[in-house]
Amino acid sequence: MLTSDIKSRFPILNQEVNGHPLVYLDSAATSQKPDSVIETITRYYERNNSNVHRGVHTLGNRATDEYEGARQKVADFINAASVQEVIFTRGTTTSINMVAQSYGRANVSEGDEIVITYMEHHSNIIPWQQLAKETGAVLKYVDLEEDGTLSLDKVRETVTDRTKIVSIMYVSNVLGTMNPVKEIAAIAHAHGAVMLVDAAQAAPHMKVDVQDLDCDFLAFSGHKMCGPTGIGVLYGKKELLEKMEPVEFGGEMIDFVGLYDSTWKELPWKFEGGTPIIAGAIGLGAAIDFLQEIGLDEIERHEHRLAGYAMERMNELDGITIYGPADPEKRAGLVTFNLDEVHPHDVATVLDMNGIAVRAGHHCAQPLMKWLNVTATARASFYLYNTEEDVDRLVDGLRTAKEYFSDVF
């Protein structure tokens, strides 16, 4: 179990909310930032603030070295074969849209298939809906098992020789389900399709090895893994990225510009038009340093233990429904739930009154809410700075919510 002093490295957690010590259980939405990341970003703005790849002065060279150094850290973090396969974006949403707009438009035609699942985040649904509408392709969904897991047999039934793209999240932001994306990638490749992995909920919590997964694309966001907002990553196999056209034009991505035609820089810069997200990338590099200092394996074990403890404690309450796999080893460190007769927004409000931050709503997963036959749920998501004491506070808060609304109604 990670030691509780890790929490002291996150300045925002050292405060009271509504008269109670803050318990932050919404890391699946965005994580908090350690002091080392905050200090790195501050130092960049105080000492090295400059545009990259352009000037020959000292500040420009420092900024460029830090920016490209962060790219190397990302490549090592996900075990990319080359830094040319790492593109900085605004986040997971932008990364998926880039694949849909560039690779998808060039390779998907009428009658072709795009395969996703009911558990996907809206960011991994809408780009494919739009691509299907533009091209006449068919958008297909892999159905889920009763416990919210994926059956490889159903994947095999859904993916065909007409399938061009399979795009599936590594970890569900609602169910906590950990999907067998390596095996799904093999199925996709057997039919000549490419595989995109939405790793927004995986990269912060577990080791991600793109070469082992053999995925063609992978997307994740910095703000969910102790980094700043506004920065993300698109990984793509070099041979695919080299054939793809940029989706944003101008600025840093050009090689030569004539009056009527232009050429692009080599990878990865041809996909990074304009002034890039310099401070964000440098902050993401610092976040990777922090996570690797702690150890991704240890973080994953810690979160599995917390999720198991949370499910055990929450099941002590009457009238609670927990969604997703019952086995904590088959799910990530989050628990999504509902209390009978209490709207999740009301649950979250009562918890907030007690200094406990959880998420309530459809979690940008409305098709999954429909599959679960609910309109909304509450979600407690854990990270390396959470403890069993936080879980105990959550359960006490849920008990308070049940008592309050039983008295009201």
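Residues numbered from 1 in each chain as written. Predicted model: local features only at pLDDT ≥ 70, side-chain atom pairs only at ≥ 80, totals over all residues. Heavy atoms only, no water.

**A few points about the sheet that holds strand β17 (residues 377-381)**
- Spatial strand order, β13-β14-β17-β16: four strands in an open sheet with antiparallel pairing. What marks the edges here is a single partner per strand, and that holds for β13 (320-323) and β16 (359-361). Averaged over neighbouring strand pairs, the angle between their axes works out to 30° when direction is ignored.
- Looking at chain direction, β13 and strand β14 (residues 334-339) are connected through four bridges and run antiparallel. Across the sheet, residue Ile 320 finds its bridge partner in β14, namely Leu 339.
- Against the sheet, helix α10 (residues 296-314) engages β13 and β14, with an angle of about 15° to β14.
- Relative to β16, helix α11 (residues 344-353) is tilted by about 155°, and along the sheet it contacts β14, β16 and β17. (Pairing = 2+ DSSP bridges. Helix = DSSP H or I, 4+ residues; strand = E, 2+ residues; numbered from the N terminus. Axes fitted to C-alpha atoms, helices over the stretch in contact; angles between N-to-C directions. Contact = heavy atoms within 4.5 Å.)

**A closer look at the packing of aromatic side chains**
- This model, assessed by the stated rule, comprises nine aromatic pairs.
- Relative to Tyr 141, the ring of Tyr 118 has its centre 5.1 Å away and its plane inclined at 10°; by these criteria the two rings are stacked. Placement of the pair is Tyr 118 in the loop between β5 (113-117) and α4 (126-135) and Tyr 141 in strand β6 (residues 138-142), with a sequence separation of 23 residues.
- Judged by relative accessible area, which is 28%, Tyr 118 ranks as partly exposed.
- Overall, Tyr 141 belongs to the partly exposed group, its relative accessible area being 26%.
- Aromatic rings pair up to connect Phe 10, Phe 290, Tyr 383 and Tyr 385 into one cluster. (Phe/Tyr/Trp six-rings, centres within 6.5 Å; stacked < 30°, edge-to-face > 60°. Buried < 20%, exposed > 50% of the residue type's maximum accessible area, 1.4 Å probe, protein only.)

**Examining the sheet that holds β6**
- If you walk across this open sheet you meet the seven strands as β4-β10-β9-β8-β7-β5-β6, and the pairing is mixed. Two strands lie at the open edges of the sheet, namely β4 (86-89) and β6, each paired on one side alone. Strand-to-strand twist of the sheet, defined as the mean angle between neighbouring strand axes without regard to direction, takes the value 20°.
- Where β5 lies against β6, five bridges are found, and the strand directions are parallel. For Val 115, the partnering residue across the bridge sits in β6 and is Lys 140.
- Contacts from helix α3 (residues 92-107) reach β4, β7 (163-169), β8 (194-198), β9 (217-221) and β10 (232-236), with the element oriented near 155° to β9.

**Digging into the nonpolar core**
- In terms of nonpolar packing, the biggest core is built from 82 residues, with Met 195, Leu 218 and Leu 384 touching the most fellow members.
- Of the residues forming this core, the biggest block, eleven residues, is contributed by helix α9 (residues 278-294).
- If we ignore the near neighbours within four places in the chain, the residues touching Met 195 are Val 166, Ile 168, Val 181, Ile 184, Ala 185, Ala 188, His 189, Cys 215, Asp 216 and Phe 217.
- Counting 29 residues, the second largest nonpolar core, distinct from the first, contains Val 347, Leu 351, Phe 382 and Phe 405. (Core = buried A, V, L, I, M, F, W, Y, C linked by side-chain atoms within 4.5 Å.)

**A word on the pattern of salt bridges**
- The full count for this structure, using the stated rule, is 23 salt bridges.
- Arg 54 is paired through a salt bridge with Glu 252; the nearest N and O atoms lie 2.9 Å apart. Linking Arg 54 in the loop between α1 (35-48) and α2 (58-78) with Glu 252 in the loop between α8 (238-243) and β11 (254-257), this pair joins segments that are 198 residues apart in sequence.
- For Glu 252, a relative accessible area of 6% corresponds to the buried category.
- A salt bridge links Glu 272 to Arg 71, with the nearest nitrogen and oxygen atoms 2.8 Å apart. Residue Glu 272 is located in the loop between β12 (262-264) and α9, and its partner Arg 71 is located in helix α2; the two are separated by 201 residues in the primary sequence.
- By relative accessible area, Glu 272 is classed as buried at 6%.
- Accessibility expressed as a relative area gives 0% for Arg 71, which makes it buried.
- When salt bridges with common partners are traced through the structure, they connect Asp 26, Arg 359 and Arg 379 into a single cluster. (Salt bridge = Lys/Arg side-chain N within 4 Å of Asp/Glu carboxyl O.)

Functional significance is not addressed by these values, which are geometric in nature.
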